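# Inside the fold
Read off the chains here:
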Amino acid sequence: MAISYDYDGRTVLVTGGTKGIGAGIASAFLSAGADVVVCARREPERPPAAGGRTAWFVRADVRDPHQVDGLIDAVAERHGRLDVVVNNAGGSPYVPAADASPGFHTKVIELNLTAPLHVAQRAHRLMREQEGGGAIVMIGSVSGVRPSPGTAAYGAAKAGLRHLAACLAAEWAPRVRVNTVVVGLADSGAADEHYGGARTLAEVGATVPAGRLATPADVAAACLFLGTPEASYITGSTLTVDGGGERPAWSHLVAEGAAREAARSTSPP
């Protein structure tokens, strides 16, 4: 049975909400009845739409604090309140740490750590004054909880994002709750390219205990829950959405042991 949430009369901002996981999150909140605002550096051909509702797009580069101010001001002017922020904008191309320039590392950390701080800080000023406060969800990554070769700065930034969320939660409680959703291996719509093709994507999905990659809907479900009154006592926490994680190194030993046991049980005495 599907879980239904009622976001009627509530305003939600999803950064990087025009494609991939961000668009999936925006669509889920739209279906739940929310007024959804999405932002990105480039305007999409069509903003996310679901449940007979369409997200309002605001062009903004969240790495620029002045543009963040303009974004939150625009939300306040149009809707009068901001109930949930999902800090989803982020990412990094694959570049070995030894080959990346200092400027590259700086930009990756700005996007994945500093920008969410600016958005959260500016949103907090609005949320703390409104009835009911608000909730902020940081979209983290398993790259921040285990080694992330090829995306070292990204992994370090995502590790910092979890700690940032815990710090903000402690400072801003009880008016504003701050949590992190750590996303595992995911099919965000560009996964074919990221993982090297559809066949490789399926092979990677098979390494997850759940037997598949995460979908935008999986991530959206976690965000929907964390924004509800039912999650009012959850702040400073991390909700991991990874299908059981990447298959542990010892799993093949378990499989081999089971195969040997099955062979013994079927062998004639």
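Presented here is a report on the structure given in the accompanying data block. In this text, all values refer to a predicted model and were calculated from it rather than measured experimentally.

Bringing the side chain of S141 into the picture now. Tracing the sequence through the fold places S141 in strand β7 (residues 134-141). A polar contact is formed between the side chain of S141 and the backbone nitrogen of S143, at a distance of 3.0 Å. Filtering out sequence-adjacent residues up to four positions away, S141 remains in contact with Y154, K158, V182 and V183.

With that out of the way, let us pick up the pattern of salt bridges. Where charged atoms from two side chains of opposite charge come close, those side chains can pair. The tally for this structure, following the rule as stated, stands at nine salt bridges. Of the charged contacts, one joins R212 and D218 as a salt bridge, the two residues approaching to 2.8 Å between their closest N and O atoms. Using a relative accessible area of 24% as the deciding quantity, one classes D218 as partly exposed. Linked through salt bridges whose partners overlap, the residues forming this network are D69, D73 and R122.

So, about helix α2 (residues 65-79). With 15 residues, α2 should reach 21 Å at 1.5 Å per residue; the first-to-last C-alpha distance of 21 Å fits that figure. Of all the residues in α2, the buried ones are V68, L71, I72, A74 and V75. The arc that holds the buried residues of α2, viewed along the axis, is 155 degrees, so those residues lie on one side. Every exposed residue of α2 that faces more than 90 degrees away from the buried side is listed here: H66 and E77. On its buried face, α2 is in contact with β1 (11-15), β2 (35-40), β5 (56-59) and α3 (102-127). Capping of α2 at its N-terminal end is provided by D64; its side-chain oxygen lies 2.9 Å from the backbone amide nitrogen of H66. Two residues or fewer past α2, G80 is found with a positive phi of approximately 80 degrees.

Below, the discussion takes up the environment of R122. Structurally, R122 is set in helix α3. Taking the C-alpha atoms as reference points, R122 and V68, 54 residues apart in sequence, are found 7.4 Å from one another. Among all residues touching R122, those that are not within four sequence positions of it are V68, D69, I72 and D73.

Conventions adopted
- Residues numbered from 1 in each chain as written.
- Predicted model: local features only at pLDDT ≥ 70, side-chain atom pairs only at ≥ 80, totals over all residues.
- Heavy atoms only, no water.
- Helix = DSSP H or I, 4+ residues; strand = E, 2+ residues; numbered from the N terminus.
- Polar contact = N/O pair within 3.5 Å; in protein donor to acceptor, adjacent residues only side chain to side chain.
- Contact = heavy atoms within 4.5 Å.
- Salt bridge = Lys/Arg side-chain N within 4 Å of Asp/Glu carboxyl O.
- Buried < 20%, exposed > 50% of the residue type's maximum accessible area, 1.4 Å probe, protein only.
- Expected span 1.5 Å × (residues − 1).
- Arc of directions from axis to C-beta.

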